[in-house]
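Listed below, chain by chain, are the residues.
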Amino acid sequence: MADESPGAPTPYAPAAPGTVAVYRGATLFDGTGGPLRPSTTIVTDGPVVRAVGEDRVIAADLPADAEVFDLDGRFVVPGLIDSHQHLATPPDRLAAEAVLRRLAFGGVTAVRDMADDLRQVGDLARATLVGEIPGPDIRYAALMAGPGFFDDPRTHQVTRGGTPGEVPWMQAITTDTDLPLAVAMARGTHATAIKIYADLDRDTVAAITAEAHRQGIHVWAHATVFPATPGDLVAAGADSLSHVTLLPFEAIEDRLISYRDKPAVDHARFTAGDEPRLAALFARMRERGTVLDATAGMWLSDLLAGDTPESAARARANVELAAALTAQAHRSGVAISTGTDYETDPGDPFPALYEELDFLVRRCGIPADQVLHSATLVGARSAGAEDLMGSVEAGKLANFAVLDEDPLRDIGNLRTIALTVKRGRRFERAEFGRTDPEGPR
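Predicted model only: the values in this text are computed from it and were never measured.

Whenever I open this one, the nonpolar core confuses me. Can you help?
Side chains of a nonpolar character, in soluble globular proteins, are inclined to be buried together. The biggest cluster of nonpolar side chains holds 106 residues, and the ones touching the most others in it are I138, I196, L241, L247 and L292. When residues of this core are assigned to their parent elements, the largest contribution, 8 residues, is made by helix 11 (residues 309-331). With sequence-adjacent residues up to four places away left out, I196 is seen in contact with M144, V205, I208, T209, V219, W220, A221, H222 and V225. By size, the runner-up hydrophobic cluster in this structure holds 15 residues, among which are L28, F69, V392 and L419.

This is the structure we're talking about:
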C-alpha cells in the first residue's frame with residue numbers, strides 16, 4: 001500500500017486534542033431534559049466537551065492558552081440530527097456535497113442515511129468525518145427486503161455494476177438465506193444498521209432483527225413491511241420505525257400481501273381521534289423503547305405534492321393523517337425522532353429539518369422544547385449514538401449550534417443560527433457561501 005503522508009487536505013477536520021476553546025455566557029438547552037441554563041460556559045478540548053457549568057465556576061479553572069468566545073447570552077442547543085436522509089439515490093456526488101454543506105452550516109451535526117448506494121455514502125461518511133468536506137457525521141444502513149422488491153427502479157439506481165438484491169448493501173432475503181453471513185456482509189460496508197424495507201413476513205423480520213442485534217448493529221424498519229405489520233416489527237425488537245403514515249396498517253382488517261399491494265386506508269378513521277388499536281401499538285412502542293422516525297412533514301414537500309390534482313389531494317390527506325398520528329404517538333409517550341426523507345430546494349438557505357421541526361410544533365402541537373429533545377438526544381438514540389452525541393455534556397462530542405434568538409419561544413428561531421460547532425470545529429454561518437479551501441475557522 002502506498003504511503004499516505006499526510007493524505008488529502010482536510011480543511012474541515014475536527015479540532016485537534018489539546019486545542020481548548022471556551023464558550024461563555026451561553027443560554028444553554030443542553031438536551032438532557034432540564035430547563036434552559038443561563039450564564040453557562042462550555043469548554044471544549046479538541047473534538048469533545050471537557051466541561052459545562054456556570055460561568056463564575058468554570059472561569060476559575062481555564063488553561064491560559066484557551067481561546068475564549070463570548071456568546072453574550074445567545075442560545076446554544078445540541079447539534080441537530082436528521083434521522084431520515086437519502087444522500088445517494090441516485091448517486092450524485094456534487095448534489096450530496098451541497099446538501100451536506102448546508103446541513104453543517106445549518107446546525108445539523110449528524111444524519112441517518114436510510115439505505116442508498118453505500119459505495120458513495122461510505123466515502124461521504126469518511127470525507128465528513130475526517131474533514132475533507134463540510135458535513136454532519138453519517139450513520140447509515142444496509143437494506144434487506146424480499147426478492148419481489150428488487151425490480152423497483154431505485155434499487156437499480158444504487159447498485160449499478162452489480163445486481164439488485166445481490167450486493168452487500170441491498171440484499172434479497174428468503175428462507176434459504178444464510179442470515180449470519182448476510183448481516184456480516186452488510187456490516188462489511190461499515191453500516192451501523194440493517195434497514196428492513198418490504199415483502200418480508202413476521203418470522204423473517206424477527207430472524208433478521210435477532211441476528212443483527214447479535215452482531216451488534218441496529219435495525220431500522222419501515223413502519224409496515226408488508227406482510228409484516230407494525231406490531232410484528234415492534235415485537236421483533238426493531239429499534240425504530242419510519243413513516244408515521246404507514247402505522248394505520250396495524251389496524252385495518254384487509255390482509256397485507258406485499259409492498260405494492262397496499263390496501264386502502266380510511267383516513268377519517270385515524271384523524272377523528274385516538275384510534276384504539278394504534279393506542280395499543282403506541283403503548284407497546286413506549287414500553288419497548290421503539291423510536292418513531294415520523295417523517296411527519298414530508299407530505300408538505302413539493303416533490304410529494306406532485307403536479308396533478310390527484311397527487312395534491314393525496315398529499316393533503318397524508319398531511320392531516322401524519323399530524324394526527326404523530327400527535328397521538330406523542331401523547332402516548334412514544335419517543336419521536338426528526339427525520340425528513342426529502343430536502344428543500346437547492347436555493348433554500350436552510351435544510352428540510354427545520355421544516356420538520358416546525359411541523360411537529362405547529363401542526364402536531366408538540367412543545368418546542370420536546371421537539372428539540374427529539375431532534376437531539378432522541379435522534380442520537382435512533383442512530384445508536386446516544387453515548388457520543390445528542391446533548392451538551394462533558395465527555396460527549398463537541399457538537400452544538402449557537403442561535404441569536406430563543407428557539408423555545410419560537411422554533412422558527414433556528415433560522416437565526418450564527419455558528420455550528422461539530423467535533424470542536426467551528427462553522428460560522430456568515431461563511432456559508434464560502435467555497436475556498438481554507439474552510440471555516
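Would you mind showing me how to read unusual backbone geometry here?
If a residue is not glycine, its phi is most likely negative; likewise, a peptide bond is most likely trans. Here T89 and P90 are connected by a cis peptide whose omega angle stands at -10°. Along the chain, P90 falls in the loop between strand 6 (80-85) and helix 2 (93-105). Non-glycine residue S39 carries a positive phi angle of around 50°. Tracing the backbone through its elements, the reader meets S39 in strand 2 (residues 37-45). A positive phi is found at D341, a non-glycine position, where the angle reads about 70°. Looking at the secondary structure, you find D341 in the loop between strand 15 (336-337) and helix 12 (352-362).

What exactly am I supposed to notice about the pairing of strand 11 (residues 193-196) here?
Looking along a regular strand, one sees side chains alternate from face to face of the sheet. Every second residue of strand 11 is oriented toward a common face, with A193 and K195 on one face and I194 and I196 on the other, all of them buried. Where strand 11 lies against strand 12 (residues 218-222), 4 bridges are found, and the strand directions are parallel. Opposite A193, over in strand 12, you have H218 as the bridge partner. The β-α-β motif built from strand 11, the intervening helix 6 (residues 202-214) and the parallel element strand 12 has right-handed crossover chirality.

Before we go on, may I ask you to explain the pattern of salt bridges in this structure?
Note on pairing: side chains with opposite charge can pair once their charged atoms come close. Enumeration according to the criterion identifies 27 salt bridges in this entry. The salt bridge partner of R277 is E253, with a shortest N-O separation of 2.9 Å. On the criterion of sequence distance, the pair formed by R277 in helix 9 (residues 276-288) and E253 in the loop between strand 13 (240-242) and helix 8 (267-271) is long-range, its members being 24 residues apart. Note on R277: relative accessible area 37%, which makes it partly exposed. Relative accessible area serves as the criterion here: at 65%, E253 is assigned to the exposed category. R362 is the partner of D358 in a salt bridge, and the nearest nitrogen-oxygen pair spans 2.4 Å. One end of the pair is D358 and the other is R362, both in helix 12 and 4 residues apart, which spans about a single turn.

Just to check I follow, could you spell out empty space enclosed by the protein for this structure?
Vacant regions in the atomic arrangement are exposed by a probe of water-molecule size rolled over the atoms. Scanning the entire structure with this criterion turns up 2 cavities of 30 Å³ or more. Around the largest cavity, the lining residues are P78, G79, T109, L388, M389, G390, S391, L397 and N399. In terms of residue class, the lining of the largest cavity is made up of 4 nonpolar, 5 polar and no charged.

I tried to follow the confidence of the model for the protein chain on my own but got confused; where do I start?
Mean pLDDT over the protein chain: 95, with 97% of residues reaching 70 or higher. Counted against residues more than four places away or in other chains, residues 436-441, with its pLDDT under 50, gives 17 contacts.

Whenever I open this one, helix 13 (residues 368-382) confuses me. Can you help?
Along an α-helix, residues three or four apart share an orientation, since each turn contains 3.6 residues. Between the first and last C-alpha of helix 13 there are 19 Å, a value that for 15 residues agrees with the 21 Å anticipated at 1.5 Å per step. Remark: the principal bend of helix 13, roughly 35°, maps to S374. The element helix 13 is largely enclosed, with a buried count of 11 among its 15 residues. Of the residues flanking the end of helix 13, it is G384, one or two places downstream, whose phi is positive at about 70°.

What am I meant to see in the packing of aromatic side chains here?
Each aromatic ring pair is summarised here by two numbers: the centre-to-centre distance and the angle between the ring planes. Within the structure shown, the criterion is met by 11 aromatic pairs. The interplanar angle of 85° and the centroid separation of 5.8 Å between the aromatic rings of F149 and Y259 together place this pair among those described as edge-to-face. With F149 in the loop between strand 8 (137-145) and helix 4 (153-157) and Y259 in the loop between strand 13 and helix 8, this pair connects stretches of sequence that are 110 residues apart. Across this residue pair, the class does not change: F149 and Y259 are buried. Between F226 and F249, the aromatic rings sit 4.9 Å apart at their centres with planes inclined by 75°, giving edge-to-face as the arrangement. Taken together, the positions of F226 in the loop between strand 12 and helix 7 (230-236) and F249 in the loop between strand 13 and helix 8 put the pair 23 residues apart, joining distant regions of the chain. Under the relative-accessibility criterion, F226 is labelled buried at 0%. The rings of Y12, F105, F427 and F432 are connected pair by pair, giving a single aromatic cluster. The cationic tip of R112 hangs over the ring face of W220; the distance from NZ or CZ to the ring centre is 4.4 Å. In this structure, R429 is placed above the aromatic ring of F432, and the distance from its NZ or CZ to the ring centre is 4.5 Å.

The rules behind the values
- Residues numbered from 1 in each chain as written.
- Predicted model: local features only at pLDDT ≥ 70, side-chain atom pairs only at ≥ 80, totals over all residues.
- Heavy atoms only, no water.
- Core = buried A, V, L, I, M, F, W, Y, C linked by side-chain atoms within 4.5 Å.
- Buried < 20%, exposed > 50% of the residue type's maximum accessible area, 1.4 Å probe, protein only.
- Helix = DSSP H or I, 4+ residues; strand = E, 2+ residues; numbered from the N terminus.
- Contact = heavy atoms within 4.5 Å.
- Pairing = 2+ DSSP bridges.
- Right-handed = clockwise from strand over helix to strand, strands pointing away.
- Salt bridge = Lys/Arg side-chain N within 4 Å of Asp/Glu carboxyl O.
- 1 Å grid on protein atoms, 1.4 Å probe; cavity = no way out; pocket = protein on both sides within 12 Å on 5 of 7 lines; lining within 4 Å.
- Points joined across faces, edges and corners; volume = space filled by probe spheres on them.
- Nonpolar A, V, L, I, M, F, W, Y, C, P; charged D, E, K, R; others polar.
- pLDDT = per-residue confidence, 0-100.
- Expected span 1.5 Å × (residues − 1).
- Bend = angle between axes of the 7 residues up to and from the residue.
- Phe/Tyr/Trp six-rings, centres within 6.5 Å; stacked < 30°, edge-to-face > 60°.
- Lys NZ or Arg CZ within 6 Å of the ring centre and 35° of its normal.

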